[in-house]
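# Coordinate inspection notes
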Amino acid sequence: QKEVEQNSGPLSVPEGAIASLNCTYSDRVSQSFFWYRQYSGKSPELIMSIYSNGDKEDGRFTAQLNKASQYVSLLIRDSQPSDSATYLCAVSLSTSYGKLTFGQGTILTVHP
Amino acid sequence: GAVVSQHPSWVICKSGTSVKIECRSLDFQATTMFWYRQFPKQSLMLMATSNEGSKATYEQGVEKDKFLINHASLTLSTLTVTSAHPEDSSFYICSAPFSGGLYEQYFGPGTRLTVT
């Protein structure tokens, strides 16, 4: 079983729709959870970080964490073509300061 | 947000030569930095943890004698790929945890290495 798994893509949504990205993780001692956006040929850019169960909103982005289910998600509201990218879920263990384990990524395409 | 730079942004070298990649934290100090590698259409894989003033910690399967890491100051870590081969061609990315955030990592822009 992979340590961090993301929903298989690619995911295609129309402009203005909600894009939903999901991620599960296997290690229960995981403490910190991140969503990164990566454009082709570029390095990852941090979008959201979440550490506690529940929702965290930042603009058009909402991260949701459920530690009991070992599940973290990212919702992108009012999706724009500029949101088209690969989204990476990353998890950090409490015992490994800063070390990130990444999911395989989900390619999102927002079409006009 | 915090800024991490890398140099060079891309490099082409011949098989058997060595290449050094620099990673700098520009507006904060980083006692720890991380080096990742990303092959085409794959996700990032952690190679090693760079620790200022001490030896790097390598992930399982990463050859420490091939990928030399030096973290000589609080703002600079270097990765040297020794005796590079075509299979080392990849996108190398460093990151540093920003002290203002809990475990948040900021990534450098990456270095694309092509070994011919």
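Structure shown above.
Residues numbered from 1 in each chain as written. Chains lettered and ligands numbered in written order. Predicted model: local features only at pLDDT ≥ 70, side-chain atom pairs only at ≥ 80, totals over all residues. Heavy atoms only, no water.

### Some words on the environment of Leu108(A)
Residue and element names in this part refer to chain A. Mapped onto the elements of the fold, Leu-108 is located in strand β11 (residues 106–111). Look at Leu-108 and you get buried, because its relative accessible area is 1%. Excluding anything up to four places from it in sequence, Leu-108 contacts Leu-11, Val-13, Ala-19, Ile-76, Asp-83, Ser-84, Ala-85 and Tyr-87. (Helix = DSSP H or I, 4+ residues; strand = E, 2+ residues; numbered from the N terminus. Buried < 20%, exposed > 50% of the residue type's maximum accessible area, 1.4 Å probe, protein only. Contact = heavy atoms within 4.5 Å.)

### Considering the sheet that holds strand β1 (residues 4–6) of chain A
Residue and element names in this part refer to chain A. Judged by pairing direction, the sheet is antiparallel, and its 5 strands sit side by side in the order β1-β3-β8-β7-β6 without closing on themselves. In this open sheet, the two strands that pair with only one neighbour each are β1 and β6 (54–58). The mean angle between the axes of side-by-side strands here comes to 15 degrees, regardless of whether they run parallel or antiparallel. One ladder, built from 5 bridges, connects β6 with strand β7 (residues 61–66); its direction is antiparallel. Directly across from Glu-57, in β7, lies its bridge partner Thr-62. (Pairing = 2+ DSSP bridges. Axes fitted to C-alpha atoms, helices over the stretch in contact; angles between N-to-C directions.)

### A closer look at the interface of chain B and chain A
Of the residues lining the interface, 21 residues belong to chain B; the matching set on chain A comes to 22 residues. Roughly 1700 Å² is buried in total at the junction of chain B and chain A, and carbon and sulfur atoms are behind 59% of that figure. The interface formed by chain B and chain A contains 1 salt bridge. Lys99(A) is paired through a salt bridge with Glu59(B); the nearest N and O atoms lie 2.9 Å apart. For the pair chain B and chain A, the number of links is 6 residue pairs in polar contact (both at pLDDT 80 or more). Contributing elements (two or more residues each) for the side of chain B that touches chain A: β4 (32–38), β5 (45–51), β9 (90–97) and β10 (105–107) of chain B. Of the residues that constitute the side of chain B that touches chain A, the class distribution is 12 nonpolar, 6 polar and 3 charged. (Buried area = accessible area lost by both parts, 1.4 Å probe. Salt bridge = Lys/Arg side-chain N within 4 Å of Asp/Glu carboxyl O. Polar contact = N/O pair within 3.5 Å; in protein donor to acceptor, adjacent residues only side chain to side chain. Nonpolar A, V, L, I, M, F, W, Y, C, P; charged D, E, K, R; others polar.)

### Concerning the environment of Gln31(A)
All names here are of chain A. Considering the arrangement of structural elements, one finds Gln-31 in strand β4 (residues 30–38). The exposure class assigned to Gln-31 is partly exposed, which follows from its relative accessible area of 28%. Distance from Gln-31 to Ser-52, taken between C-alpha atoms, is 8.5 Å for residues 21 residues apart in sequence.

### Concerning the sheet that holds strand β8 (residues 76–81) of chain B
All names here are of chain B. Across the sheet, 4 strands lie side by side as β1-β3-β8-β7; this open sheet has antiparallel pairing. Each edge of the open sheet is held by one strand with a lone partner, namely β1 (4–7) and β7 (67–73). For this sheet the average axis-to-axis angle between neighbouring strands, irrespective of direction, equals 20 degrees. Inspection of the sheet shows β1 paired to strand β3 (residues 19–25) by 4 bridges, in the antiparallel sense. Looking at the pairing, Ser-5 lines up with Arg-24 of β3.

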